[in-house]
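So you can see what is in the structure, the chains are spelled out below.
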Amino acid sequence: MKAALHEWNLAPKEAIALQKELATRLESDDRIAPVTHIAGMDIGFEDNGDTTRAAVVVLKWDPQTAPDLTLVEHVVHREPTRMPYIPGLLSFREIPAALGAFERLNILPELIMVDGQGIAHPRRLGIAAHLGLWLDLPTIGVAKSRLYGKHDEVGEVRGDWVPLRAGNETIGAVLRSRDKVKPVFVSPGHRISLETALDWVMRCLGRTKLPEPTRLADRLASRRDQHVKKPQNSLF
C-alpha cells in the first residue's frame, strides 16, 4: 500500500475542495502493466449503515479462456462507517473499508473494476477514480445507473455505446452490455483511457449485463455470496 493520500476526518466543504484538487492528479492516458489479474470491488452496509462491508474479488486473466475468468482470491473487510451518506461524497464514506480489503490481498491486481463511477461525477472524482489515486493502479468505474452527465439513446445490441457528456467534455460511456437490457455506465478512473476501459469491460462480460469482476464483487458486498465458488486460498 502506498503512502496515505489524505486524512478522512474532513467536513463536507473540506472534502469537496479536496475532490477538486485530487481530480487534477488523475491520469487519462493508459499506464497499465501487462494484465494477469483483475480485481472487482463493491461496497455494502450492515447494522443500519453503521458498518461498511467492502468486498474485493481477484480473477486470473487469461485471454485464451475469457470471459471465463478464474476466481483466485476474495476478501470481505468490515469496519465502522466514517461518514454519513452525502450526495457526491460517497467515496469518503466507502473507500476506507475498501483500502482495508485491498491490504488483505495476497495477489495485487494490475487492473481494478469498481461498482460505481470513475470521472462521471460532478467534480470528476467518483469512487473508482478516488480509489485509483490511493492505490496508484488503473481503475474503471462500472455503474448500474447514471450519476451525472447527459447522453443520447444507445442502440439495443450488445456492444453499442454512446458518449456520456458534461457540456463539451466526455466523461464516460453508456454501454449496452447485453441485448435489450438496461445499459451500464462506464467511466475511466485513473491511469486508463475511456476506449481502453470500454475494451476491458467488453472482454470481461459473461452472460449477464455486468462484467465478471463487478458481478462477483456485487454478490459478496450484498451478501449474495453463496453462488461464488470459494478459492483454495479464501481468507474467510
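1. A closer look at the packing of aromatic side chains
Here is step 1 of the chain: A full pass over the atoms with the stated rule returns 3 aromatic pairs.
Here is step 2 of the chain: Seen from their ring centres, Trp-61 and Trp-200 are 4.9 Å apart, and the 70° between their planes marks the pair as edge-to-face. Of this pair, Trp-61 sits in the loop between strand 2 (51-60) and strand 3 (70-80) while Trp-200 sits in helix 4 (residues 194-203); the two residues are 139 residues apart in sequence, bridging distant segments of the chain. Across the pair, Trp-200 and Trp-61 agree in class, each one buried.
Here is step 3 of the chain: One aromatic cluster is present, built from ring pairs that chain together Trp-8, Phe-92 and Trp-134.
Here is step 4 of the chain: In this arrangement the basic side chain of Arg-93 is found over the ring face of Phe-45, its NZ or CZ atom lying 4.2 Å from the centre.
Here is step 5 of the chain: The positively charged end of Arg-203 is found above the aromatic ring belonging to Trp-200, 4.2 Å away from the centroid.

2. A word on helix 5 (residues 212-221)
Here is step 1 of the chain: Burial of helix 5 is extensive: 8 of the 10 residues sit out of reach of the surface.
Here is step 2 of the chain: Along helix 5, the positions that sit buried rather than exposed are Glu-212, Pro-213, Thr-214, Leu-216, Ala-217, Asp-218, Leu-220 and Ala-221.

3. Brief notes about the confidence of the model for the protein
Here is step 1 of the chain: Across the protein, the average pLDDT comes to 93, with 94% of residues at or above 70.
Here is step 2 of the chain: Contacts for the low-pLDDT stretch residues 224-236, under 50 throughout, to residues beyond four places or in other chains number 30 contacts.

4. Quick word on the pairing of strand 5 (residues 139-143)
Here is step 1 of the chain: Counting buried residues in strand 5 gives 5 out of 5 residues, a clear majority hidden from the surface.
Here is step 2 of the chain: Judged by which residues are buried, strand 5 turns out to be covered on both faces: Thr-139, Gly-141 and Ala-143 on one side and Ile-140 and Val-142 on the other are all buried.
Here is step 3 of the chain: Pairing geometry for strand 4 (residues 111-114) and strand 5, over 3 bridges, is parallel. Paired with Val-114 across the strands is Gly-141, a residue of strand 5.
Here is step 4 of the chain: After leaving strand 4, the chain enters helix 3 (residues 127-135) and then returns to the sheet as strand 5, a path that is right-handed.
Here is step 5 of the chain: Inspection of the sheet shows strand 5 paired to strand 8 (residues 184-188) by 4 bridges, in the antiparallel sense. Note on strand 8: the bridge partner recorded for Gly-141 is Ser-187.

5. Quick look at the side chain of Glu-46
Here is step 1 of the chain: Tracing the backbone shows Glu-46 in strand 1 (residues 37-46).
Here is step 2 of the chain: Glu-46 sits in the buried class, given a relative accessible area of 11%.
Here is step 3 of the chain: Here Arg-53 takes part through its side chain, which lies 3.1 Å from a polar atom of the side chain of Glu-46.
Here is step 4 of the chain: Polar side-chain contacts of Glu-46 include one of 3.0 Å to the side chain of Arg-78.

6. Structural notes on the environment of Asp-42
Here is step 1 of the chain: Following the sequence through the fold, Asp-42 ends up in strand 1.
Here is step 2 of the chain: Residue classification places Asp-42 among the buried positions, given a relative accessible area of 9%.
Here is step 3 of the chain: A sequence separation of 176 residues divides Asp-42 from Asp-218, and the C-alpha atoms of the two residues are 5.5 Å apart.
Here is step 4 of the chain: Once you skip the residues sitting within four places of it in the chain, Asp-42 turns out to touch Arg-53, Ala-54, Ala-55, Asp-115, Ala-217, Asp-218 and Ala-221.

7. Overview of unusual backbone geometry
Here is step 1 of the chain: A cis amide bond links Ala-66 with the next residue in sequence, Pro-67, at an omega value of 5°.
Here is step 2 of the chain: The residue Pro-67 is located in the loop between strand 2 and strand 3 in this model.
Here is step 3 of the chain: For Asp-47, which is not glycine, the phi dihedral falls at a positive 55°.
Here is step 4 of the chain: Locating Asp-47 in the fold gives a position in the loop between strand 1 and strand 2.
Here is step 5 of the chain: Of note, the phi angle at Arg-191 is positive, near 60°, even though the residue is not glycine.

What counts and how
Residues numbered from 1 in each chain as written. Predicted model: local features only at pLDDT ≥ 70, side-chain atom pairs only at ≥ 80, totals over all residues. Heavy atoms only, no water. Phe/Tyr/Trp six-rings, centres within 6.5 Å; stacked < 30°, edge-to-face > 60°. Helix = DSSP H or I, 4+ residues; strand = E, 2+ residues; numbered from the N terminus. Buried < 20%, exposed > 50% of the residue type's maximum accessible area, 1.4 Å probe, protein only. Lys NZ or Arg CZ within 6 Å of the ring centre and 35° of its normal. pLDDT = per-residue confidence, 0-100. Contact = heavy atoms within 4.5 Å. Pairing = 2+ DSSP bridges. Right-handed = clockwise from strand over helix to strand, strands pointing away. Polar contact = N/O pair within 3.5 Å; in protein donor to acceptor, adjacent residues only side chain to side chain.

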